Amino acid sequence: MYIIMLGAPGSGKGTIGNEICDKFNLVHLATGDIFRDEMKRQTELGKKAEEYISKGNLVPDEVTIAMVEGKLDKLENVLLDGFPRTIPQAEALDKYLESKGKKITAVINLDVPDKDIITRTSSRVICSNKECGASYNTVFMPPKVEGICDRCGSPLTKRKDDNPETIKERLDVYHQNTEPLIEYYTNKGLLESIKINIYSETTKEDTTNEAVKRINNRK
Ligand code: ADP
Ligand code: ZN
């Protein structure tokens with residue numbers, strides 16, 4: 001099974017993606033998490049990615065596609081979080097899956113208004129343990145103990161690119177490069193769009209249940 005998470009930065013792709021992975025036993029492949037880990041370890045890929053990520057820009061398609069295909073080769077049931085983010089990436093993924101005789105099951109699009117994205121991303125903290133990757137929000141979804149991950153007990157940190165200027169750039173990049181994927185996957189009959197209002201109290205469970213229901217209908 002191949003599930004794709006679509007949505008603006010801070011829409012909850014990672015959080016909802018984690019829940020969906022638990023329900024369907026999928027591997028969570030989050031390109032942002034992989035890049036952050038490479039940056040932390042200062043690998044060649046990490047240094048290259050950092051130039052783009054720190055400015056809120058996308059890592060070039062060739063680099064990203066090669067990295068994702070390398071990982072996909074070893075995996076069977078996967079949730080892709082943060083990939084594809086451009087039309088060329090989506091086309092490369094289609095080609096890749098076709099060559100392996102595989103298909104995308106569903107594309108879950110988390111639909112969050114821009115003004116909520118800014119609020120949400122500015123108050124985001126993430127788990128420092130790369131195996132975990134959990135994400136919290138000091139206002140809307142705080143951890144049980146301040147500064148500590150509920151899932152694994154590791155310290156929480158702030159992402160360097162979650163500052164107001166970079167967030168604005170990432171939102172622009174999202175509208176320009178990633179939003180066209182909504183039409184791309186609608187045309188393929190794969191899109192499942194879920195509207196989210198962060199000010200309602202039930203978000204995480206509601207959104208997860210809705211996504212699970214939509215995936216089950218397509219299995
Ligand atoms: P968010 O969705 O909150 O912006 P991610 O963790 O998914 O965060 O991505 C962080 C950054 O990593 C992006 O702003 C971008 O620079 C880079 N990145 C992640 N995925 C891709 C991708 N598929 N193509 C290009 N760059 C990517
Ligand atoms: Zn954790």
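Further up the page is the structure itself.
As the structure is a prediction and not an experimental result, all values here were calculated from the model. Just so you know, the residues in each chain are numbered from 1, in the order the chain's sequence is written. Each chain gets a letter, beginning with A, and each ligand a number, beginning with 1, in the order they are written. Where local features are concerned, this predicted model is filtered to residues with pLDDT of at least 70; where side-chain atom pairs are given and counted, the filter is 80 or more; whole-chain, interface and lining totals use all residues. The basis for every side-chain value is the complete set of non-hydrogen atoms in the structure, without hydrogens or water.

The next thing to look at is the environment of Met141. Helix and strand assignments come from DSSP, with helices taken as H or I runs of at least 4 residues and strands as E runs of at least 2, each series counted from the N terminus. Relative to the assigned elements, Met141 resides in the loop between β6 (135-137) and β7 (156-157). Residue classification places Met141 among the partly exposed positions, given a relative accessible area of 25%. Sequence separation between Met141 and Val68 is 73 residues; the distance between their C-alpha atoms is 30 Å. Every residue pair with non-hydrogen atoms within 4.5 Å of one another is taken to be in contact. If sequence neighbours within four positions are ignored, Met141 has contacts with Thr15, Ser135, Tyr136 and Lys204. Only protein chains enter the calculation, and the probe is 1.4 Å; a residue is then buried if its accessible area is under 20% of its type maximum, exposed if over 50%, and partly exposed in between.

Our next topic: the pattern of salt bridges. A side-chain nitrogen of Lys or Arg and a carboxyl oxygen of Asp or Glu constitute a salt bridge if their distance falls within 4 Å. Under the criterion given, the structure shown has 22 salt bridges. A salt bridge links Arg124 to Asp162; the shortest N-O distance between them is 2.8 Å. In this pair, Arg124 sits in strand β5 (residues 124-127) while Asp162 sits in the loop between β7 and α7 (164-178), placing the two residues 38 residues apart along the sequence. Judged on exposure class, the residue Arg124 and its partner Asp162 are both buried. Note that Glu192 and Arg218 form a salt bridge whose closest N and O atoms lie 2.6 Å from each other. Residue Glu192 is found in strand β8 (residues 191-195), and its partner Arg218 is found in helix α9 (residues 203-218); the two are separated by 26 residues along the sequence. A relative accessible area of 30% places Arg218 in the partly exposed class. Several salt bridges share partner residues, and in doing so they unite Asp37, Glu38, Arg41, Lys130 and Glu131 into one network.

Here we take up the coordination of the zinc ion (ligand 2). For Na, K and Ca the donor cutoff is 3.2 Å, while for all other metals N, O and S atoms count as donors only within 2.8 Å; water does not appear among the atoms, so some sites may look incomplete. Only Cys127 (SG), Cys132 (SG), Cys149 (SG) and Cys152 (SG) from the protein coordinate the zinc ion (ligand 2), and they sit 2.3 to 2.4 Å from it. A four-donor site is classed as tetrahedral when every donor-metal-donor angle falls between 85 and 135 degrees; four donors are called square planar, and six octahedral, when trans pairs exceed 155 degrees and all remaining angles lie between 65 and 115, with any other arrangement labelled irregular. Metal-centred angles of 98 to 115° between the four donor atoms at the zinc ion (ligand 2) mark the site as tetrahedral. Each donor residue of the zinc ion (ligand 2) lies on one chain, and together they are spaced C-x4-C-x16-C-x2-C. Pair noted here: Cys127 is in strand β5 and Cys149 is in the loop between β6 and β7, with a separation of 22 residues, a long-range link. Cys149 matches Cys127 in its accessibility class, with the two residues each being buried.

Moving on: helix α2 (residues 31-40). Three or more residues of α2 are buried, namely Thr31, Ile34, Phe35, Asp37, Glu38 and Met39. On its buried face, α2 sits against β2 (27-30), α3 (44-53), α4 (61-72) and β3 (78-81).

Take the sheet that holds β6 next. DSSP-based pairing: two strands are paired if at least 2 bridges between them are found. Spatial strand order, β6-β5-β7: three strands in an open sheet with antiparallel pairing. Where the open sheet ends on each side, the last strands, each with one partner, are β6 and β7.

A few words now on the sheet that holds β2. Strands sit in the order β2-β3-β1-β4-β8 across an open sheet of five strands; the sheet is parallel. Lying at the two open borders of the sheet, with one neighbouring strand each, are β2 and β8. Across the sheet, the axes of successive neighbouring strands diverge by a mean angle of 20°, strand direction being ignored. Strands in contact with α2 are β2 and β3; relative to β2, the strand with the most contacts, it is inclined by about 65°. Together, β1 (2-7), β4 (106-111) and β8 form the strand contacts of α9, whose direction differs from that of β8 by roughly 160°. Axis angles are defined between N-to-C directions and span 0 to 180 degrees, where every axis is a line fitted to C-alpha atoms and, for a helix, only to the segment in contact.

Bear in mind that shape data such as this cannot, by itself, settle questions of function.
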